[in-house]
Amino acid sequence: MSIRSARGLVALVLATISVATRAEWVRYEAPHFSIYSKSQSKAVEVLASRLEKIDAMMHLATRLPDDGKIVKVRIYEVHDNNDVAAALGLNNSGIAGFYTNNSLGPFAVTPRKTDFGQADFSPELVLHHEYAHHFMLQYFRGVYPSWYVEGFAELIGSSKIMPDGRVAYGMPAKHRGNDILANWVPLQELLLKPAEKIVYFDTYGQGWALTHFLTFSKTRSPQLRRFLMALGTGKSQSEAATAFGDLGELNKDARRYVGDGTFEYKPVKVAVNEPVITSRSPIGPGEAALIAETIAFSDGDLGAYRKVGERDKEQRRRTTNLARIREKAARFANDPFALRLLAEGESAEGHYREAEAAADRLLAIAPNDVDGLARKSLSMLQRAANLAGPTQTALASEARRFAARANRIDGTAPLPVLAYYESFHQIGAPVPVAAVESLTAIVALRPYDDKVRLMLVDAFANQHRYNEAIATIMPIANSPHDSPQRSAARDKLGKLTKAVGSAAAG
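My aim in this report is to walk through the structure given alongside it, one point at a time. (Residues numbered from 1 in each chain as written. Predicted model: local features only at pLDDT ≥ 70, side-chain atom pairs only at ≥ 80, totals over all residues. Heavy atoms only, no water.)

### Points about unusual backbone geometry
Okay, so step 1: Residue Pro275 is reached from Glu274 by a cis peptide bond, and omega for that bond is -5°.
Okay, so step 2: When you line up the elements, Pro275 lands in the loop between strand 8 (266-268) and strand 9 (279-282).
Okay, so step 3: For Tyr200, which is not glycine, the phi torsion reads 60° and is therefore positive.
Okay, so step 4: With respect to the element layout, Tyr200 can be found in the loop between helix 6 (187-190) and helix 7 (205-216). (Helix = DSSP H or I, 4+ residues; strand = E, 2+ residues; numbered from the N terminus.)

### Here we look at the packing of helix 13 (residues 308-331) against helix 14 (residues 336-348)
Okay, so step 1: Look at helix 13 against helix 14: their axes get within 9 Å of each other, and the N-to-C directions meet at 150°. What the angle tells us is that helix 13 and helix 14 run roughly antiparallel. Helix 14 is crossed by helix 13, and the crossing has left-handed handedness. Residues Leu322, Ile325, Arg326 and Ala329 of helix 13 form the contact with helix 14, whose participating residues are Ala338, Leu341, Leu342, Gly345 and Glu346. (Axes fitted to C-alpha atoms, helices over the stretch in contact; angles between N-to-C directions. Parallel < 35°, antiparallel > 145°, perpendicular 65-115°, else oblique. Left-handed = near helix turned anticlockwise from the far one by under 90°. Contact = heavy atoms within 4.5 Å.)

### Regarding helix 19 (residues 433-445)
Okay, so step 1: In this model, helix 19 (13 residues) spans 19 Å end to end at C-alpha, consistent with the 18 Å of a helix rising 1.5 Å per residue.
Okay, so step 2: Every buried residue belonging to helix 19 is among Ala435, Val436, Leu439, Ile442 and Val443, and all of these are buried. Taken around the axis of helix 19, the buried residues stretch over an arc of 115°, which confines them to a single face. With respect to the buried face of helix 19, the exposed residues turned more than 90 degrees away are Val433, Ala434 and Ala444.
Okay, so step 3: Buried positions along helix 19 lie against helix 18 (414-425) and helix 20 (450-462). (Expected span 1.5 Å × (residues − 1). Buried < 20%, exposed > 50% of the residue type's maximum accessible area, 1.4 Å probe, protein only. Arc of directions from axis to C-beta.)

### Focus: the side chain of Glu287
Okay, so step 1: Among the secondary structure elements, Glu287 is positioned in helix 11 (residues 285-289).
Okay, so step 2: Classification of Glu287 as buried rests on a relative accessible area of 10%.
Okay, so step 3: Residues within four places of Glu287 in sequence aside, it is in contact with Arg27, Tyr36, Asp335 and Phe337.

### Examining the pairing of strand 3 (residues 73-80)
Okay, so step 1: The buried count for strand 3 comes to seven of eight residues, which makes it a mostly enclosed element.
Okay, so step 2: Looking at chain direction, strand 2 (residues 33-37) and strand 3 are connected through four bridges and run parallel. When the bridges of strand 3 are listed, Tyr36 appears paired with Tyr76.
Okay, so step 3: Taking the sense of rotation as the criterion, the β-α-β connection linking strand 2, helix 2 (residues 41-62) and strand 3 turns out left-handed.
Okay, so step 4: Direction of pairing for strand 3 relative to strand 5 (residues 105-113): parallel, over a ladder of six bridges. Each residue of the ladder has a partner; that of Ile75, found in strand 5, is Ala108. (Pairing = 2+ DSSP bridges. Right-handed = clockwise from strand over helix to strand, strands pointing away.)

What follows is the structure, given as structure tokens:
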């Protein structure tokens, strides 16, 4: 064999090895979540097993039965924290992971490796932290101050899996350093001032320390429960804080607890069915190509961005992401996922005709695609909103047929339920009780979705079910964070309260 042919053979072998070993995106299904990863299967199996144990521990700690009524969270394991930041349109943000939701459902983005130079700040800690956010919002939708939201997530994230398989619940968050007390915000200030007026507060460090103290103290733990319950029933933060008694004493006790540094933790024995991975499958080429755009996709209300500059920046980020979705969807013109994401992206930006066109292309290759049918219906209803009389009624009826078909295929999917409800609501027609009850079920399954929650509030109000409307709007109206949504919700709450009074007087 000549040297030239030998070199050619070596090059061919190397190329073959490269193709064979190139990492591809795979979706792994577990009882409580789905993981999208390029890691080796063995590594994902370990990751999933440990996360299922964290889930089991949280069920035990909160006394929540694991009855199977769940919405799975999608977990995207990206390469590193730079990929995490890129999904948010940021650079050098210091953000290691995030949890959010959109019309595609709840999802978390966590890194395979972190670059923060702290041994205790591991990818697994980030994963458990973000999963704790999902657990709280999914099962305990309520009113929480930011220090408790992040403190709870840090409490769970810092818990370790012990060699014997037990979970060390409440292990110290060593990655938060030793300067928590040096930067301590007095609790008299933290619990009485609006969050936006407190400066230099370490939400993660002091939030974790305070949450740990209040969770593990036999005296203070019942007070914490009363505090959170008071917030949930509409009490102001200062009113709820009376649950702790003398805040000066609370502050002294908390500082003493943190200063002692002997953080109690509980080894919790949990049982999970092994192997926890129930199925695995490579994802399609279109979906794989669109991972970056999928985790960057946002469709939340831009009104949440109070500053014009921040709002404009977020709009530019969304516009750029949609352009990338369009480009890749054109490359994968017959890929159902690509068309589904394109339809959602166009709709989120108010391009309803384009969204309907994408839904039509999707239904041409997948006639029974539930999301495609629902998005087609919702896009048609946007057109109907600009019409009147018999023409509007006819188009809404046609849209309703698409929604009903989607609901027959999957009665638990949120988009078909929304479409069916909107087929009446969008044109001002009376909404059947069954449609409102279906909307109620979706809010119960997706309690974190404020957009759907507000639709349900309006539905209850239109049917003069004012007390139910008030209970539904409370988590938004009582949010400790000032926002346009909170202001609007409080205005609506005032009107609902007056309506209850008028109904009682009448």
